[in-house]
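# Structural overview
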Amino acid sequence: MLSRALPWVVVAVFALFPMVESTFYTQLLTKVLIMAIFAMSLDLLVGYTGLVSFGHAAYFGLAGYALALMGPKYEAASVWWTLPAAIGVCAAFALATGFVVLRTRGIYFIMVTLAFAQMLFFVFHDTKLGGGSDGIYIYAKPTLAVGDTVLVNLEKLDQFYWLVLGLAAFTYFLLRRILGSTFGRALVGIKVNEHRMRALGFPVFRYQLASFALSGALAGLAGYLAAVQFGFVNPEILSWHQSGAVLMMVILGGMGTLHGAAVGAIAFVLLQEVLSNQAWFGVAAKHWQLAMGILIMLVALYLPQGLAGLASRFVRTPEAEAADE
């Protein structure tokens, strides 16, 4: 019972955060929650389907550019149509690329996903479509309203934070529900022994393609929210650096555990903030990536199940209970 209630307790604690903390920390935690959605979307692919993608930032960045290009330049667009449209574009792109990349395996799969992401990167970097290397500013945040009644004012930090928290919780519980279904169990079976699942009559390619498209759509959700938060998109959000960062979040937290992906995102963003603080580390703060790399290696060596593996020794996770049912 404790493990089932724990996610709701965490959501409740996070919901109270803007009431007791400053603007800076609320903005930081908003970023953390967006990265948690991004990491959970990749964990569906890496941790549960067994497909290691190194181009996941393509969907994250594509959604941000979709928002920037679809809305009026100096007027607020509506969340009601820009959010579904951005997610739909990402899902369609993931479906199209997945149809190709899923015909490869191992290192070839990794390289082809990277190739598609880099192709998209250069589309926005080398053309005027996305403002080139300078990117595009989003001058007005989208509106979430019914008629003249504003449901959520995204210009207000606390209201935007609660929206992001709600969407992060929705993503977690949605994926938990999916992974506890027959579809989710089939994905895990394919990861463990693809040939046996195919011999049992499961349409392996279609299952993997569905997982790939869903993963891309959820990454698009995170990219849309990031574009709203920062009011700016540039080609760097599609780069292989971003894909590598989210993969490190999943490894740091623990692959194959949704809460682990969220924990990894929290740890990665907070560690980045701490290690790059020049007031604390002086000149060494410029080389925070080196310290981060060492920490990731230590986790990989001594905590193969990630940071979430430590907690699972004491508390039985909701995912583990769902797997037993």
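About the cut-offs
Residues numbered from 1 in each chain as written. Predicted model: local features only at pLDDT ≥ 70, side-chain atom pairs only at ≥ 80, totals over all residues. Heavy atoms only, no water. Helix = DSSP H or I, 4+ residues; strand = E, 2+ residues; numbered from the N terminus. Rg over C-alpha atoms; globule rule 2.2 N^0.38 Å. Buried < 20%, exposed > 50% of the residue type's maximum accessible area, 1.4 Å probe, protein only. Contact = heavy atoms within 4.5 Å. Areas by Shrake-Rupley, 256 points an atom, 1.4 Å probe, with all protein chains shown as cover. Axes fitted to C-alpha atoms, helices over the stretch in contact; angles between N-to-C directions. Parallel < 35°, antiparallel > 145°, perpendicular 65-115°, else oblique. Left-handed = near helix turned anticlockwise from the far one by under 90°. Nonpolar A, V, L, I, M, F, W, Y, C, P; charged D, E, K, R; others polar. pLDDT = per-residue confidence, 0-100.

## Looking at the overall build of the chain
Along the backbone of the chain there are 15 helices and four strands. Scaling as 2.2 N^0.38, a compact globule of 325 residues should have a C-alpha radius of gyration of about 20 Å, and the chain matches this with 20 Å. With the C-alpha coordinates of the chain rotated into their principal frame, the extents come out at 55 × 50 × 40 Å. Relative to its 325 residues, the chain shows a buried fraction of 48%. Across the chain, contacts joining residues at least 24 apart in sequence account for 76% of those joining residues at least 6 apart. In the structure as shown, the chain presents an accessible area of about 15,900 Å², 68% of it carried by carbon and sulfur atoms.

## What about the packing of helix H3 (residues 57-70) against helix H4 (residues 79-101)?
Packing of H3 against H4 leaves a shortest axis separation of 9 Å and a crossing angle of 140 degrees. Relative to H4, H3 is oriented oblique. Crossing of H3 over H4 shows right-handed handedness. Between H3 and H4, the contacting residues are Ala 58, Tyr 59, Leu 62, Ala 63, Ala 66, Leu 67 and Met 70 on the first element and Trp 81, Thr 82, Ala 85, Ala 86, Val 89, Cys 90, Phe 93, Ala 94 and Thr 97 on the second. Counted by class, the contact of H3 with H4 contains 14 nonpolar, two polar and no charged residues.

## A word on the confidence of the model for the chain
Predicted confidence across the chain gives a mean pLDDT of 87, with 94% of residues reaching 70 or more. For the chain, per-element mean pLDDT is lowest for helix H15 (residues 318-324), which scores 51, and highest for helix H9 (residues 204-230), which scores 95.

## Quick word on the packing of helix H2 (residues 23-48) against helix H6 (residues 157-179)
At a minimum axis separation of 10 Å, H2 and H6 run at an interaxial angle of 20 degrees. The pairing of H2 with H6 is recorded here as roughly parallel in orientation. Here H2 and H6 pass one another in a crossing that is left-handed. Contacts from Thr 23, Thr 26, Gln 27, Leu 29, Thr 30, Leu 33, Ile 34, Ile 37, Met 40, Leu 44 and Tyr 48 of H2 reach H6 at Leu 157, Phe 160, Tyr 161, Val 164, Leu 165, Leu 167, Ala 168, Thr 171, Tyr 172, Leu 175 and Leu 179. A per-class count over the contact of H2 with H6 returns 17 nonpolar, five polar and no charged.

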